[in-house]
Amino acid sequence: YHTIGDFSFTSQTGAQITQDSLKGHIYVAGLFYTSSKGNGPEMLDKLKEVQRYLEEANDTIVKMVYFSVDPETDSVATLKEYGERNGVLTSRWYLLTGNKADIYEVAHNDYFFKADEDSTQAERYQYDETLRLIDKEGRIRGEYYNSKVEEEVSTLIDHIKLLKFEYEHAEE
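The structure reproduced in this document is the subject of the present report. (Residues numbered from 1 in each chain as written. Predicted model: local features only at pLDDT ≥ 70, side-chain atom pairs only at ≥ 80, totals over all residues. Heavy atoms only, no water.)

### Some points on unusual backbone geometry
Here comes step 1: The backbone of N58 shows a phi angle near 50 degrees, a positive value even though the residue is not glycine.
Here comes step 2: Within the element layout of this structure, N58 appears in the loop between α2 (39-56) and β4 (62-68).
Here comes step 3: The class of N58 is exposed, set by a relative accessible area of 67%.
Here comes step 4: In this model, F112 sits at a positive phi of 60 degrees, which is unusual for a non-glycine residue. (Helix = DSSP H or I, 4+ residues; strand = E, 2+ residues; numbered from the N terminus. Buried < 20%, exposed > 50% of the residue type's maximum accessible area, 1.4 Å probe, protein only.)

### A few points about the sheet that holds β4
Here comes step 1: With mixed pairing, five strands are arranged side by side in an open sheet as β5-β4-β3-β8-β9. The open sheet has two free edges, formed respectively by β5 (93-96) and β9 (140-146), since each of these has just one partner strand. Going across the sheet, the axis of each strand differs from the next one's by a mean of 20 degrees, ignoring polarity.
Here comes step 2: Judged from the three bridges that link them, strand β3 (residues 26-32) and strand β8 (residues 130-134) form a sheet pairing that is antiparallel. Each bridged residue has a counterpart across the sheet, and for Y27 the counterpart in β8 is I134.
Here comes step 3: Its contacts with the sheet put helix α5 (residues 150-170) on β3, β4, β8 and β9, and the angle it makes with β9 is roughly 165 degrees. (Pairing = 2+ DSSP bridges. Axes fitted to C-alpha atoms, helices over the stretch in contact; angles between N-to-C directions. Contact = heavy atoms within 4.5 Å.)

Take a look at the structure:
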């Protein structure tokens, strides 16, 4: 499995989130930006299904990690307001911002996301709408779940359950 490299970005609470701070957690990674009028809101609605499942299961191991492709606009305060407005639980989600070149490098080289800026398009940022499932050791264990397709989000939830089962039974 491909292992995610080191990174350090700032969350909506102002905390520094690193690959090391995510060790021991399973997490779902994706891209977004707060001013998206197109795909962003639809993706968020589908991902709230994952949040609902995790809350109903009283899960404390799985996190949601989203990297802003527009970090120049998406400040910590902007991310915090976006999260509050959209019912994003700070105990569960890390909405991350930081140096744009660093975010794009991590997105492309570690998570294998596609992301580009094109000011000629109605949606200035073109980005991958898929998700990655990362295990407790920081390895990609599932990828290419389309975050806008309900069946694929359901598959993601199933894969989270399987990965948790794998860890629970490896410890026996």
